[in-house]
Every structure is written in structure tokens, then in C-alpha cells.
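What follows is the residue order along each chain.
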Amino acid sequence: MRVRHAIVRLFLAASLLALPGAAAGSDQVTTVTGGGWFLYAGMIPMQFSFSAVRHVDGSVSGSFHHAYTADGLSYSYWGRLTCLTYDATNRRAWIGGVLTKVTTDDPDVTQAPGDDAWFRILDGGSSGDRSTPMGFVGSFPSSAAYCATQPWPDGNARTHPLTSGQISMNIP
């Protein structure tokens, strides 16, 4: 378990250092980072990590990764951020982007590099952090539409408490 935590922290630190403008002038940008594990549907361990930066000019940069195994099949999705919106008062963020790599042994998977994907997170502090699995085109036509709409069901429905890891929002 310690090795997993170290790997997630290393990934997040490397992601932030690789982002233009993240180190210099960080007091002028919003950063939302996280990584760890949650149980999807109460039984499928899902690993995730992301690093998102919203620059002063409104542009975003960053990356994300979600991976899990279900019914003997493995799924792993990597992506590049194209949108980040947030609710500073409630410490929620909507993160979207474009898939850059998809690996799976499930022959029925239709997602591919270039497709939009998105998820949302909650920096719950002492109440606990939460995340969702990734969504794909269907209920929203694009990542941009998802970020602009900012869906958040009552009672944090369809978000899952982290079983390990952390989410952090730095909003100036």
C-alpha cells in the first residue's frame, strides 16, 4: 500500500513540474490534483490520478489516468486536459479532456485516443474526498459541454469516497 501511495505522489509531483507555468507564478493559477483509489459501485477498485492547472488566461493544462479490472478484464485510460471548471465554495471540480491512450483486453471497448472523457471530484477535507469514474460521449456531447454544465447530483450521488489517496484544490 505504501508503494502505491508513493507512486501516486511521484506521478502528481512529476505532472505538476512538467506543466508550463505551474512552478513559476503558481499564486496566479488554480491547481487541482489528486490520486488514489475508490470503489466504483461499492465493489470495483478504481485507481485514478490527475493534475489540472487553470492558467490566468483561462487555458488549462494537465493529464489524467483511470484504471480498473472488472470481471477479469482490465481497462486503463490516459488523457490530456482540455477543460477544468470549479466551484470554490463547495470545493468541487469538473475535469475533461481527450484520451491519449487506451489499453484494455476487452474487445467490446469503443473508446479510443482522440475521444472525449470527463470526471468530477470533491476536495472534502476532513469530510473525505470523492471522485467519479470517467464518463464518455453520450449524456454530454463533449468534455467542454460537461465542464460548462457542471452537473452535480444532490447528496454527492454517483461520487465515491476515496479508500486511499488525496484530492487537493489550490484556488487563489
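What comes next concerns the included structure. Quantities reported herein were computed from a predicted structural model and do not represent experimental measurements.

With respect to the packing of aromatic side chains
Within the structure shown, the criterion is met by 10 aromatic pairs. Aromatic side chains F64 and F119 sit 5.9 Å apart centroid to centroid with 65° between the ring planes, which places their arrangement in the edge-to-face category. Separated by 55 residues along the polypeptide, F64 in strand β3 (residues 60–70) and F119 in strand β6 (residues 116–122) bring together distant segments of the chain. Overall, F119 belongs to the buried group, its relative accessible area being 0%. A ring pair is formed by W118 and F140, whose centres lie 6.1 Å apart and whose planes are at 85°; its orientation type is edge-to-face.

Description of the side chain of T31
By secondary structure assignment, the location of T31 is in strand β1 (residues 30–40). Taking the relative accessible area as the measure of exposure, T31 reaches 12% and is therefore buried. Ignoring sequence-local partners within four residues, the contact set of T31 consists of A52, V53, S168, M169 and N170.

Points about the pairing of β3
Buried residues dominate β3, accounting for eight of its 11 residues. Sheet topology places strand β2 (residues 44–54) next to β3; nine bridges connect them, and they run antiparallel. The partner of F50 across the bridge, within β3, is F64. Where β2 folds back on β3, the antiparallel hairpin that results is connected by five residues, among which G58 adopts a positive phi of roughly 95°. Inspection of the sheet shows β3 paired to strand β4 (residues 73–87) by eight bridges, in the antiparallel sense. Its bridge partner lying in β4, H65 is registered against W78. Taken together, β3 and the strand that follows it, β4, pair antiparallel across an intervening segment of two residues, in which D71 is found at a positive phi of about 55°.

Here's the deal with the nonpolar core
Membership of the largest hydrophobic core comes to 22 residues, with the highest contact counts inside it found for V32, F50, F64, I95 and I121. At the level of secondary structure, the elements contributing two or more residues to this core comprise β1, β2, β3, β4, β5 (92–104), β6 and β9 (160–170). Those residues within four positions of I95 in sequence are excluded, and the remaining contacts are V32, F50, L81, C83, L84, A117, W118, F119, I121, Y146 and C147.

Observations concerning the state of the cysteines
The full count for this structure, using the stated rule, is one disulfide. C83 shares a disulfide with C147; S-S distance 2.1 Å. On the sign convention where negative is left-handed, the bridge of C83 and C147, at about 65° about the S-S bond, is right-handed. Of this pair, C83 sits in strand β4 while C147 sits in helix α2 (residues 143–149); the two residues are 64 residues apart in sequence, bridging distant segments of the chain. Relative accessible area serves as the criterion here: at 10%, C83 is assigned to the buried category. On the basis of relative accessible area, C147 is assigned to the buried category, the value being 2%.

Focus: the side chain of R130
Mapping R130 onto the fold places it in strand β7 (residues 130–131). Buried R130, no salt bridge; nearest opposite-charge side chain is D129, N-O distance 9.3 Å. Within the structure, the side chain of R130 is placed 2.7 Å from the side chain of T159, a separation counted as a polar contact. With residues up to four places along the chain from it excluded, the contact list for R130 reads R120, I121, L122, N156, T159, H160, P161, L162 and I167.

Definitions and cut-offs
- Residues numbered from 1 in each chain as written.
- Predicted model: local features only at pLDDT ≥ 70, side-chain atom pairs only at ≥ 80, totals over all residues.
- Heavy atoms only, no water.
- Phe/Tyr/Trp six-rings, centres within 6.5 Å; stacked < 30°, edge-to-face > 60°.
- Helix = DSSP H or I, 4+ residues; strand = E, 2+ residues; numbered from the N terminus.
- Buried < 20%, exposed > 50% of the residue type's maximum accessible area, 1.4 Å probe, protein only.
- Contact = heavy atoms within 4.5 Å.
- Pairing = 2+ DSSP bridges.
- Core = buried A, V, L, I, M, F, W, Y, C linked by side-chain atoms within 4.5 Å.
- Disulfide = S-S within 2.5 Å.
- Lys, Arg positive; Asp, Glu negative; His and termini not counted.
- Salt bridge = Lys/Arg side-chain N within 4 Å of Asp/Glu carboxyl O.
- Polar contact = N/O pair within 3.5 Å; in protein donor to acceptor, adjacent residues only side chain to side chain.

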